[in-house]
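Coordinate analysis (summary)
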Amino acid sequence: MKQLIVVSNRVPSPDKDSGSQGGLAVGVMNALSRTRGLWMGWNGQLMDDAEQHAPESYENEGVQFATFPLTEQEHELFYVGYSNEVLWPLFHYRSDMVEYTREKDAGYQHVNERFARQVASRIPENGDATIWVHDYQLLSTGHYLRTMNVEGPIGFFLHIPVPPWEVFRILPHHERMIEHLCAYDTIGFQTATDLRHFLENVERSGIATVEGNTVIFDHRRINTGVFPISIDVDTAREMAEKGEQSSRSKRLKDSLQGGPLIIGVDRLDYSKGLYKRFQAFEQLLENTHTRYGNVTYLQIAPLSRTGVERYASLRRELERIAGHVNGRFSTYDWMPLRYLNTGYDRETLMGFMRQSRVGLVTPLRDGMNLVAKEYVAAQDPEDPGVLLLSTLAGAAEELDGAMLCNPFDVEEMADMLDAALSMSLEERKERWQRLHKVISTNDIHRWGEDFITALDQSAAARHIEKQ
Ligand code: GDG
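Let me begin by describing the structure that accompanies this report. Keep in mind the model is a prediction, meaning the values are calculated, not measured. (Residues numbered from 1 in each chain as written. Predicted model: local features only at pLDDT ≥ 70, side-chain atom pairs only at ≥ 80, totals over all residues. Heavy atoms only, no water.)

1. A word on the sheet that holds strand S5 (residues 129-134)
The following threshold applies: A pair of strands is labelled paired if DSSP reports no fewer than 2 bridges between them. We count a stretch as a helix when DSSP gives it H or I for four or more residues in a row; a strand needs E for two or more, and each element gets its number in order from the N terminus. A fitted line through C-alpha atoms represents every axis, and for helices the fit uses only the stretch in contact; the resulting angles, taken between N-to-C directions, go from 0 to 180 degrees.
On the basis of which strands lie adjacent, the open sheet formed by 10 strands has the order S3-S4-S2-S1-S5-S6-S7-S10-S9-S8 and mixed pairing. Both outer strands of the open sheet, strand S3 (56-60) and strand S8 (209-211), are each paired with one neighbouring strand and no more. Ignoring which end each strand starts from, the neighbouring axes of this sheet average 25° apart. Two elements, S3 and strand S4 (residues 63-70), share 5 bridges in a ladder whose sense is antiparallel.

So, in structure tokens, the structure goes:
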């Protein structure tokens, strides 16, 4: 059996068990533990002499890990610069936020090559390894692995959306990106829309040809497909049941004084639509006197990418509007908007979700959005809450039963929040059953298995005979 090597920018922290990690970690750990696999990536440390450091190895839950540091300059150019100031905004359709420089571009290529070198050094002597590379930070890693004569199956999964051609072609050297992606055997996307955009981008770039879902480049076939990421539904439900009994959950419940709770859980990121969401909540309070003094909206928004300026300015904007909403509507014993930058352990989080009458998930653009699926899994089947979901989240292509809203239409969101808060138990149950069917049919275990199976098959059918 081939060894599976997973490569991602960060690897899960060894001091957390897999139950406390997010969906990606669970799905990947599951696939890795079946083959005593290896997970490689940056260890989160910055060191002047990072280039001299061999990967540091350790084992956790039957999975090997090998992590390595970056230099401060590599981190600045590759991670902050090109990954998060060029690719992230562009792929989330925010071309106005793209801050491209040649130096960032070169830094990205350099670090992708360094990742490839580290991975190549860990491939078994007989070459029997299947390599699975993750996400937008490492788009070019497969290309560099091929230049190092790695012949085995290499797959790539993109966790974020793919923009259409007119946005994609804004990226300087986008042809090179397509060419680098052609080094993989399988490329996976979250949704059918992302796949369609990718195939269009390949064709329009003129770098390769497309036949159905197959890309043809240099006498090789590259298989593409849709693999919507999901969650471990049973574990999420168990955590929610346990979390609901915790003292934190009880204190939260008491503090609501019998009123309904709306919950949002997002990394603090402009793609998540938090500003418009706060505006919609303000509009709800303005429109409906019956909600006044009664409804509470809890927004958990742990800070992320604090080194990127756009995230610091978003934080200031959210602090301002949260203060404005509370200043305008709070009474001496009721604060409508609870806005927190603290992260919580998963059990607490799932317990909070279970108590919430509405799960508010309104990104302006999102690859999938696992919080939407976690919210569904956390609900009590006898008294489930309502998922209010953006049409622009990948999850909306899958989650039949959610209330769908346009996150750019603040007034519509306010009206839908009101409707969600008033929804009958019968309708809530009927919608939840449909939602639960989707997440339990396609859960995280299936995601990992389906991708690896597709990858091994496409590597076997890679070559096209030269005429
Ligand atoms: C990218 C794509 C795609 C959040 N706050 C806390 C916490 N979380 C957890 C959530 C969820 C995860 O973080 C976030 O996942 P999302 O999918 O919602 O969003 P991104 O971080 O942007 O992820 C996205 C995903 O990759 C997977 O492919 O779905 O579209 O952008 O699991 O619950 N977890 C804990 N405490 C918190 O305070 N423990």
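2. Some remarks on the layout of surface pockets
The criterion, for reference: Residues are called lining when one of their atoms sits within 4 Å of a cavity or pocket point, these points coming from a 1 Å grid over the protein atoms alone, where a cavity is a set in which a 1.4 Å probe fits but cannot get out and a pocket is an open set with protein on both sides within 12 Å along at least five of seven lines. Grid points are joined across faces, edges and corners, and a volume is the space filled by probe spheres set on the points. The residue classification treats Ala, Val, Leu, Ile, Met, Phe, Trp, Tyr, Cys and Pro as nonpolar and Asp, Glu, Lys and Arg as charged. All others, Gly included, are polar.
Empty space within the second largest pocket amounts to approximately 370 Å³. Lining the second largest pocket we find 17 residues, and of these Arg354, Gln355, Ser356, Arg357 and Asp383 sit closest to its centre. Within the lining of the second largest pocket, the residues separate by chemical class into 4 nonpolar, 6 polar and 7 charged.

3. A closer look at the nonpolar core
Keep this limit in mind: We define a nonpolar core as any set of buried Ala, Val, Leu, Ile, Met, Phe, Trp, Tyr and Cys residues linked to one another through side-chain atoms lying within 4.5 Å. Think of it in three bands: with a 1.4 Å probe and only protein chains considered, a residue is buried below 20% of the maximum accessible area for its type, exposed above 50%, and partly exposed in between. Here a residue-residue contact requires only that any non-hydrogen atoms of the pair lie within 4.5 Å.
Judged by nonpolar contacts, the single largest core of 95 residues is most densely connected at Ile131, Phe198 and Ile262. Examining the composition of this core, we find that 9 residues originate from one element, helix H2 (residues 72-91), more than from any other. Apart from residues lying up to four places away in sequence, isoleucine 262 is in contact with Phe281, Leu284, Val295, Thr296, Tyr297, Leu298, Val358, Leu360, Leu417 and Leu421. By size, the runner-up hydrophobic cluster in this structure holds 57 residues, among which are Trp39, Val63, Leu261 and Ile300.

4. Some words on the side chain of asparagine 326
Note the following rule: In protein, a polar contact requires one atom able to donate a hydrogen and another able to accept it; more generally it is a pair of N or O atoms within 3.5 Å, and residues adjacent in sequence count only if both atoms are side-chain atoms.
Assignment of secondary structure puts asparagine 326 in helix H11 (residues 309-329). With relative accessibility at 14%, the residue asparagine 326 sits in the buried group. Among the polar contacts made by the side chain of asparagine 326, one reaches the main-chain carbonyl oxygen of leucine 337 at a distance of 2.7 Å. Residues contacting asparagine 326, with those up to four places away along its chain left out, are Met335, Pro336 and Leu337.

5. With respect to helix H13 (residues 370-378)
The buried fraction of H13 is high, at 8 of 9 residues. Listed in full, the buried residues belonging to H13 are Val371, Ala372, Lys373, Glu374, Tyr375, Val376, Ala377 and Ala378. Structurally, H13 contributes buried residues whose contacts are with helix H8 (233-244), strand S11 (261-265), helix H12 (346-355), strand S14 (358-361), strand S15 (386-390) and helix H15 (425-441). A side-chain oxygen of the first residue of H13 lies 3.0 Å from the backbone nitrogen of valine 371; this N-cap is asparagine 369.

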